[in-house]
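Summary of structural features
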Amino acid sequence: MSEQTGAASRAGPPAGMPRSRLREPAHQVSPRARLMWALSGAAESLVLLVVQVLWWFIDEDGSRTPHLVVGVIWLLLTAVYLVVMPQWRYRVHRWEATPSAVYTQTGWIAQERRIAPISRIQTVDLARGPVSQLFRLATVTVTTASAAGPLKIHGLDVEDARRLIDELTAATVAEPGDAT
């Protein structure tokens, strides 16, 4: 990077453009999302338990010590995962829709913040799997012309999700252009 380029990037936006700072989106997802994530995590952990049990029966070595050690470690890691992951994700997952853009923040270990201008929105979808339906939650997917893929807002209260879809649909219909 040249000195001139480096100095220009530190100088801020061009004259007349406001300096903006990337901030957290305003809205958290539903508190019930924590339970949904914990239940989904427990289901994933059950798959590992089945593998552990199968290993126990298939192993003909005679010694059960490795099975007990792996089982205890699995149990401790699963307990920590099921307590920490939903709480952490709930603190991180945020969303916001403004007249000009949709903002999302997702993740728990690897976190991502994305912004999609309303003018780039191509479709807005609502999805509700069996676990989401159990907790009266939904996922809103905002598909744009971006190569980075759609923005997803997981764990929204179903009424908030429907309201968001209505608002985004109205905003994209009112926006001139073809979202490409």
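Preceding this section is the structure that the text describes.
Residues numbered from 1 in each chain as written. Predicted model: local features only at pLDDT ≥ 70, side-chain atom pairs only at ≥ 80, totals over all residues. Heavy atoms only, no water.

This part takes up a nonpolar patch on the surface. Taken together, the side chains of Leu46, Leu49, Val53 and Phe57 make up a nonpolar region of the molecular surface, amounting to roughly 380 Å² of accessible area. Looking at the element boundaries, Leu46 is found in helix H2 (residues 32-58). (Patch = residues over 30% accessible without salt bridge, like charges linked within 9 Å, V, L, I, M, F, W, Y side chains within 5 Å. Areas by Shrake-Rupley, 256 points an atom, 1.4 Å probe, with all protein chains shown as cover. Salt bridge = Lys/Arg side-chain N within 4 Å of Asp/Glu carboxyl O. Helix = DSSP H or I, 4+ residues; strand = E, 2+ residues; numbered from the N terminus.)

Counted according to the given criterion, the structure contains two aromatic pairs. Summarising the aromatic geometry, the rings of Trp88 and Trp108 are spaced 5.8 Å apart at their centres and angled 75° between planes, so their arrangement reads as edge-to-face. Linking Trp88 in helix H3 (residues 65-92) with Trp108 in the loop between strand S3 (101-106) and strand S4 (112-117), this pair joins segments that are 20 residues apart in sequence. Judged by relative accessible area, which is 39%, Trp88 ranks as partly exposed. A relative accessible area of 22% places Trp108 in the partly exposed class. The ring of Tyr90 has Arg34 sitting right over it, with the charged end atom 4.4 Å from the ring centre. (Phe/Tyr/Trp six-rings, centres within 6.5 Å; stacked < 30°, edge-to-face > 60°. Buried < 20%, exposed > 50% of the residue type's maximum accessible area, 1.4 Å probe, protein only. Lys NZ or Arg CZ within 6 Å of the ring centre and 35° of its normal.)

All told, the structure shown has four salt bridges when counted by the stated rule. A salt bridge links Arg94 to Glu24; the shortest N-O distance between them is 3.1 Å. Of this pair, Arg94 sits in strand S2 (residues 94-97) while Glu24 sits in the loop between helix H1 (3-11) and strand S1 (27-28), placing them 70 residues apart in sequence. Residue classification places Arg94 among the buried positions, given a relative accessible area of 17%.

Okay, the nonpolar core next. Of all hydrophobic cores here, the largest spans 25 residues; its most connected members are Val140 and Leu168. At the level of elements, H2, H3, strand S5 (121-127), strand S6 (137-144), strand S7 (151-157) and helix H5 (158-174) are the ones that each hand at least two residues to this core. Examining the composition of this core, we find that five residues originate from one element, H5, more than from any other. (Core = buried A, V, L, I, M, F, W, Y, C linked by side-chain atoms within 4.5 Å.)

The next point concerns the packing of H2 against H3. Where H2 meets H3, the closest approach of the two axes is 9 Å, and the angle between their N-to-C directions is 170°. As judged from the angle between their axes, H2 and H3 are roughly antiparallel. Two packed elements cross with a definite hand, and for H2 against H3 that hand is right-handed. Residue classes in the contact of H2 with H3 are distributed as 16 nonpolar, seven polar and three charged. (Axes fitted to C-alpha atoms, helices over the stretch in contact; angles between N-to-C directions. Parallel < 35°, antiparallel > 145°, perpendicular 65-115°, else oblique. Left-handed = near helix turned anticlockwise from the far one by under 90°. Nonpolar A, V, L, I, M, F, W, Y, C, P; charged D, E, K, R; others polar.)

What follows is about empty space enclosed by the protein. Considering all chains together, one arrives at one cavity of 30 Å³ or more under this definition. Estimates place the volume of the largest cavity at around 40 Å³. Taken together, Val29, His93, Arg94, Trp95, Thr104, Gln105, Thr106, Lys152, Ile153 and His154 form the lining of the largest cavity. For the lining of the largest cavity, the elements supplying multiple residues, two or more each, are S2, S3 and S7. (1 Å grid on protein atoms, 1.4 Å probe; cavity = no way out; pocket = protein on both sides within 12 Å on 5 of 7 lines; lining within 4 Å. Points joined across faces, edges and corners; volume = space filled by probe spheres on them.)

What follows concerns H2. Its 27 residues place the ends of H2 40 Å apart at the C-alpha level, agreeing with the 39 Å of an ideal helix rising 1.5 Å per residue. Of all the residues in H2, the buried ones are Ala33, Met36, Trp37, Gly41, Ser45 and Gln52. The inward-facing, buried residues of H2 contact H3, helix H4 (130-134), S6 and S7. (Expected span 1.5 Å × (residues − 1). Contact = heavy atoms within 4.5 Å.)

Take the sheet that holds S2 next. Strand order in the open sheet formed by four strands is S1-S2-S3-S4, with antiparallel pairing between adjacent strands. Strand pairing shows two members of the sheet lacking a second neighbour, S1 and S4, which therefore form its edges. (Pairing = 2+ DSSP bridges.)

All right, on to the side chain of Glu96 then. Tracing the backbone shows Glu96 in strand S2. Looking at Glu96, the relative accessible area reads 11%, which means it is buried. For Glu96, the side chain forms a polar contact with the main-chain nitrogen of Ala26, separated by 3.0 Å. For Glu96, the contacting residues outside a window of four places in its chain are Arg23, Glu24, Pro25, Ala26, His27, Ala101, Val102 and Tyr103. (Polar contact = N/O pair within 3.5 Å; in protein donor to acceptor, adjacent residues only side chain to side chain.)

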